[in-house]
Structure formats: C-alpha cells, structure tokens
Amino acid sequence: QVALLDIDICGPSIPKMMGLEGEQVHQSGSGWSPVYVEENLGVMSVGFLLSSPDDAVIWRGPKKNGLIKQFLRDVDWGEIDYLVVDTPPGTSDEHLSVVQYLSAAHIDGAVIITTPQEVSLQDVRKEINFCHKVKLPIIGVVENMSGFICPKCKNESQIFPPTTGGAEKMCENLNVSLLGKVPLDPQIGKSCDKGQSFLSEAPESPATSSYRNIIQRIQEYCDQRHFQEEKII
Amino acid sequence: ERSNLAGVRHILLVLSGKGGVGKSTISTELALSLRHSGKKVGILDVDLCGPSIPRMFRMQDSDVHQCDSGWVPVFVDQDKSISLMSIGFLLEKPDDAVVWRGPKKNALIKQFVADVAWGDLDFLIVDTPPGTSDEHISTVEALRPYKPLGAILVTTPQAVAVGDVRRELTFCKKTGLRVLGIVENMSGFICPHCSECTNIFSKGGGEELAKYAGVPFLGCVPLDPQLSQSLEEGRDFIQEFPKSSAFSALAQITQQILDGTSQRSS
C-alpha cells in the first residue's frame, strides 16, 4: 500500500505523471481523500487543488509550510506500507518543514537524485550536507540520465559528462551508497507526459531494470531498518 | 547618491518553473554571446541553494571584496567584460548547504540587488532558481524600480516541464514582468557517431507553449555534449565551438535579444 505525496508546491508534476490531471480532492469526515491511481497507490499534490493548469502558486515560505503541514495532518491515507515524498530542488522551507513535521514518525531515509555532471553533483553535495545537518539518514544516491545509447548505431554518448567521476566518485568520497544508475530513454519522458507507467510500457528497457534494481535496494534498506527497530523494541 | 544599478542599461531575468532545464546554462551562454557582440555583461545568481554560475566560468575559488559603494563583483577576465555575483563566492566551503527559510533568503536577495557595485553594464542577467516563491517575488520586487527589460523562460520540450513553465508565465503576468520569449532547451540530440537525431526529452512543447501564450519563441537549443563539457570546465563555448550544434541556436537567441533592445531604445 503506497502513498505518494508531492510537496513541490510551485511545480507539482506528480498529477500529470500519474495520469491524474484534472482530478479534484474530496473532503470527508476523516479528512482529505488522496486521489487513487490504483487501489494500492494514493496521491496528494497541490496540483489537485488548482483549477487551471495555468494557475501559479506564488507563495512565500510560511504559506507553503502551512499547506505541507495540512497535507501531512489532514490527508486520510489509511494504513500504508510506504509514504514517498517528492520534493522540489533546494534546501529550504519545504525540506526543513517536511523533516520537522515527520520527525515523530521516524523517516526511514532520503533517496537523493543527481545527474552525472559536476554542475549537478555540486548541488547534491549540499543536499547531502543538509541531510546530515537535520539528521536525515541517507538511503543512497541515484545517478539519473546516465548515458544514452543511440537507437540507430547503438553507440553510447555521455550527454551529461561525468567529468569529475560522476555519482560513483562522489558517493565514494562522502561514504554514501550509490543505489544505481538510470540511463536516458526517450520512452521515460513520453510515458510521464502521457501519465502512464514506464515500467509497464517498456519492460525490456535497460532503464526499467535499473529502476527495479534501485527500488529493490531501497526496499531492502527499509526492511533492514524495520528489523533493527523491532530488535530494539 | 547614485544607485548601484544606475549604470546598467538592460536587466534580463532567466526563469523557469522547472528545475534542471538549463537556466544557468542559458544565462551563461547568453552572457558569453553578448560579450562576443562587444557588450559588457553582469550575471547576478539568485539561486541561493544551488548556485551554479561560479563554476560555469571556472571562478568557483574566487572571493568577494568590499568597496565604498558595496560589493565588488567577480570579474571573469582582465578586460572585465563579464562580472559575476553569487552566494557561491560567499561560502566558506563549496559543499556548505545554505539551509535558510524564506525571510533570510529575501534579505540576501535585497542586498544582492542593491549592494553590488556593477558599474556600467550593457546587460545584467539575473539567473534564478526554479519556482515561483520567495526568491522570485523578492527579486522582482527589488528590481521593479529599475524597470527590467523582461524575462526569458527556459523549458525542456516535454509536457511535464512545460506544465510548470505555464505557471511561470502566470507569475510574469501577475508581477507585470514582460516575457521576452521562451527557449526550448535540450531539444533533440544528434548522435556524434552516426548523426541520427533522437528527441530524448520529446520535441515541440516549448514552441507550442509560446504559441498558446502569445509570447515570442526564441528557438530550440539541442543537447550538445560539447556544450555540457564546456560548462563543466568553465570554458567559453561560444568562442571554442562555433561549428557545434548548439552554437547557432544560442547565437540566434542572442540576436533576438539584441534586436529587441534596439527596438526598445528607438
């Protein structure tokens, strides 16, 4: 049973990617209902609260924090196995607030996404430092857009060149796990634009096996943590 | 007392709704192109959490000094044709995270707009983080008295990116910021081995959005590994790779900006 919470208040992409554009949030006695993609996948995003795709959420920090609090407090998720929180780029209000508000619930950890080039790694090192500062465990790093294989000649190109060793070197230096690398596949963008599951549409893609391996490693991490916590209890 | 922006002829913001689409890249290449057209350019980097500009000019180890009128911007070379200001120059260590809430970010942005002694510039390019929040509201408010030329919006072609950039257009409308045009970045990849073009991030979304919103479409910039490499190494792509696939697109965007400014003055 999975819940996906989109706290990118200014740029909520999740509704579109899940094929849920235009859906609205319903209120009941027990709070806000998530919008369900399937019986076992519920989604919440500010995108569902906007009436037009042109509506901009031009809010300063405190107002964004208020909505995030509501999302965490008032959404009736029911019993869930995983709450996945998608965040905007940065190390600011949204990130501080979600860590603060979830502190009592014991966050398993953060998955940090980067692309291979130094311009990206530079920012990701700051994100890793943010996690250390707020005592957020790091499950690991994913190197996205890692290489492209030309569909015609099958040669590989490094469109975002790992000039400083990519995520692999960074993870070594900072002692965090590299969960995996996901190659560029034009079908990923297409599926997201259509709101369909890339994993179902392109089961043979090398990107699909990358995703699946990464997800498995995340599940193993969470299972281990759960096991350790139970031992302590 | 003369304001620090009094000598700046044109102020241009580079915006996007979405992260990772190439705002800092476009800001950098625009500055390099304008320099090659003989202009003096400054870049103000108001991305406080993820400041990319210093590295793109190989200036990441530079420090900022004070003078009587405020902060001295960092000059990229001896002829002082490009100058930079970024929080990146103020960090003790490059990996230090700036974990600030809105009010603290707003205070620094106000300082960045008022207290950098730019001197005389043809163009001040303001590079922003993704979104429509504190940094954007504060930057536009602080720049309002200086009547910015307008904003360039950067998107990648796919609908998920365009969906956020639509909101950025609304931000511009609501804050009275003129939209100079939309750039569709990462638009197609030409394989260096066989020249096959693949639309890795789809194609056309930026152009469609420009049409829908009634704003100029400035052009498509393709994915170009030589461009990525240049940015990694802080090199001058415009000077070094004039035959590269991204060069003509970037040159055309610059020309449209220059044409726009000459129209405005006449």
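Criteria and cut-off values
- Sequence order sets the numbering: in each chain, residues are counted from 1 along the sequence as written.
- Lettering for chains starts from A, numbering for ligands starts from 1, and both go in the order in which the items are written.
- With pLDDT at 70 or above as the cut-off, local features in this predicted model cover only qualifying residues; side-chain atom pairs require 80 or more to be listed or tallied, and sums for whole chains, interfaces and linings still use all residues.
- By convention in this description, side-chain values take in all heavy atoms of the structure and omit both hydrogens and water.
- Only DSSP runs of H or I with at least four residues qualify as helices, and only runs of E with at least two residues qualify as strands; both kinds are numbered from the N terminus onward.
- Radius of gyration: over C-alpha atoms. The globule rule applied is 2.2 Å multiplied by the number of residues raised to the 0.38 power.
- Only protein chains enter the accessibility calculation, which uses a 1.4 Å probe; a residue is then buried when its area is under 20% of its type maximum, exposed when over 50%, and partly exposed in between.
- For this analysis, residues touch if any pair of their heavy atoms sits within 4.5 Å.
- Every accessible area reported is derived by Shrake-Rupley at a probe size of 1.4 Å, with residue values counting cover from the shown protein chains alone.
- In this count, Lys and Arg are taken as positive residues and Asp and Glu as negative ones, while His and the chain termini are left out.
- Charge placement uses NZ in Lys and CZ in Arg. For Asp and Glu, CG and CD serve respectively.
- Simply put, the buried area is the total loss of 1.4 Å probe accessible area from both parts when two parts are fitted together.
- Any Lys or Arg side-chain nitrogen located within 4 Å of an Asp or Glu carboxyl oxygen qualifies as a salt bridge.
- Polar contacts, as counted here, are pairs of nitrogen or oxygen atoms within 3.5 Å of one another; within protein the pair requires one atom able to donate a hydrogen and one able to accept it, and residues that are adjacent in sequence qualify only if both atoms are side-chain atoms.
- Three classes are used, and their members are as follows: Ala, Val, Leu, Ile, Met, Phe, Trp, Tyr, Cys and Pro are nonpolar, Asp, Glu, Lys and Arg are charged, and the others, Gly among them, are polar.
- Residues belong to a common nonpolar core when they are buried Ala, Val, Leu, Ile, Met, Phe, Trp, Tyr or Cys residues joined through side-chain atoms within 4.5 Å.
- Two strands pair under a simple rule: DSSP has to find at least two bridges between them.
- Each axis is a line fitted through C-alpha atoms, and for a helix only the stretch in contact is used; angles between axes span 0 to 180 degrees, taken between their N-to-C directions.
- Arc definition: directions from the helix axis to the C-beta atoms.
- Ring pairs are drawn from Phe, Tyr and Trp, using the six-membered ring of Trp, whenever the two centres fall within 6.5 Å, and their geometry is named by plane angle: stacked under 30 degrees, edge-to-face over 60, tilted for the rest.
- Should the near helix be turned anticlockwise from the far one by less than a right angle, the crossing is left-handed, and should it be turned clockwise, the crossing is right-handed.

1. Remarks on the overall build of chain A
Of the regular secondary structure elements, chain A holds eight helices and 11 strands. In terms of overall dimensions, chain A is globule-like: its C-alpha atoms have a radius of gyration of 18 Å, near the 17 Å expected for 233 residues. Each principal axis of the C-alpha distribution contributes one length, and for chain A these read about 55 × 45 × 35 Å. Counting over 233 residues, chain A shows a buried share of 47%. Counting contacts in chain A only where the partners sit at least 6 residues apart, residues at least 24 apart contribute 70% of the total. For chain A, the computed accessible surface area is about 11,600 Å², with 49% contributed by carbon and sulfur atoms. The distance from the centre of the 20 positive side-chain charges to the centre of the 31 negative ones in chain A is 7 Å.

2. Observations concerning the interface of chain B and chain A
It is common to give the size of an interface as the accessible area that goes away when the parts come together. In this complex, chain B contributes 56 residues to the contact, which on the side of chain A involves 56 residues. Between chain B and chain A lies a buried interface of about 4,700 Å² when both sides are counted; carbon and sulfur atoms form 56% of it. Run the count over chain B and chain A and you get five salt bridges. Between glutamate 141 of chain B and arginine 60 of chain A there is a salt bridge whose closest N-O contact spans 3.6 Å. Where chain B meets chain A, there are 27 residue pairs in polar contact (both at pLDDT 80 or more). Those elements giving two or more residues to the side of chain B that touches chain A turn out to be helix H2 (53–56), helix H3 (102–115), helix H4 (134–143), helix H5 (159–175) and helix H7 (225–233) of chain B. Ranked by residues supplied to the side of chain B that touches chain A, first place goes to H5 of chain B with nine residues. Looking at the side of chain B that touches chain A residue by residue, the class counts come to 24 nonpolar, 18 polar and 14 charged.

3. Focus: the nonpolar core
With 79 residues, the main nonpolar core has Leu13, Leu44, Phe57, Trp118, Leu124 and Leu153 of chain B as its most contacted residues. In terms of residue count, helix H9 (residues 245–265) of chain B provides more of this core than any other element does, seven residues in total. Apart from the residues lying within four places of it in its own chain, the contact partners of tryptophan 118 of chain B are Asn4, Leu5, Val8, Gly42, Ile43, Leu44, Pro73, Ser83, Leu84, Met85 and Leu124 of chain B. Grouped together as the second largest cluster of nonpolar side chains are 41 residues, Val98, Leu121, Phe130 and Cys131 of chain A included.

4. Observations concerning the sheet that holds strand S7 (residues 110–114) of chain A
Residue and element names in this part refer to chain A. The strand order S7-S8-S11 describes an open sheet built from three strands, whose pairing is parallel. Edge strands, defined here as strands with exactly one partner in the open sheet, are S7 and strand S11 (178–181). Put simply, the sheet's adjacent strands are angled 20° from each other on average, direction ignored. Where S7 and strand S8 (residues 138–143) come together, five bridges link them in parallel fashion.

5. What to know about the sheet that holds strand S2 (residues 41–45) of chain B
Residues and elements named next belong to chain B. Read across the open sheet, the eight strands follow the order S5-S6-S2-S7-S1-S8-S9-S12; overall the sheet is mixed. One side of each edge strand has no neighbouring strand; the edge strands of this open sheet are strand S5 (74–75) and strand S12 (217–220). Inspection of the sheet shows S5 paired to strand S6 (residues 82–86) by two bridges, in the antiparallel sense. Across the sheet, residue valine 74 finds its bridge partner in S6, namely leucine 84. With respect to the sheet, helix H6 (residues 205–213) is in contact with strand S8 (150–155), strand S9 (179–184) and S12, its orientation differing from that of S9 by roughly 155°.

6. Points about helix H5 (residues 166–174) of chain A
Residue and element names in this part refer to chain A. All of the buried residues in H5 are Gly166, Ala167, Met170 and Cys171. The buried side chains of H5 occupy one side of the element, clustering within an arc of 145° when seen end-on. Seen from the open side of H5, the exposed residues pointing more than 90 degrees away from its buried face are Glu172 and Asn173. Those residues of H5 hidden inside the fold are in contact with S7, helix H4 (118–133), S8 and S11. One or two steps after H5, the chain reaches asparagine 175, where phi turns positive at roughly 60°.

7. Points about the packing of aromatic side chains
All names here are of chain A. Applying the stated criterion across every chain yields a total of five aromatic pairs over all chains. Note on tryptophan 32 and phenylalanine 71: the rings are 5.9 Å apart at their centroids and 75° apart in plane angle, and the pair reads as edge-to-face. Of this pair, tryptophan 32 sits in strand S3 (residues 31–33) while phenylalanine 71 sits in helix H2 (residues 61–74); the two residues are 39 residues apart in sequence, bridging distant segments of the chain.

8. As for the pattern of salt bridges
All names here are of chain B. Enumeration over the complete set of coordinates arrives at 19 salt bridges over all chains. With a closest N to O distance of 3.9 Å, arginine 167 and aspartate 164 form a salt bridge. A residue pair is termed a helical-turn pair when its members lie 3 or 4 positions apart in one helix, as arginine 167 and aspartate 164 do in helix H5 at three residues. Judged by relative accessible area, aspartate 164 falls into the buried class, the value being 2%. With its nearest N and O atoms 2.8 Å apart, the salt bridge here joins arginine 235 to glutamate 240. Here arginine 235 falls in the partly exposed class, since its relative accessible area comes to 25%. Judged by its relative accessible area of 37%, glutamate 240 falls in the partly exposed class.

9. Overview of the side chain of asparagine 65 of chain A
By the secondary structure assignment, asparagine 65 of chain A is in helix H2. For asparagine 65 of chain A, a relative accessible area of 9% corresponds to the buried category. Residues in contact with asparagine 65 of chain A, not counting those within four places in the same chain, are Asp93, Glu94, Ser97 and Tyr101 of chain A together with Arg101 of chain B.

10. Topic: the packing of H4 of chain A against H5 of chain A
Residue and element names in this part refer to chain A. In the contact formed by H4 and H5, the axes pass within 11 Å of each other and the chain directions differ by 30°. Along this stretch, H4 crosses H5, giving a crossing that reads as right-handed. Facing H4, whose interface residues are Leu121, Val124, Arg125 and Ile128, H5 presents Gly166, Ala167, Met170 and Leu174. In terms of residue class, the contact of H4 with H5 is built from six nonpolar, one polar and one charged.

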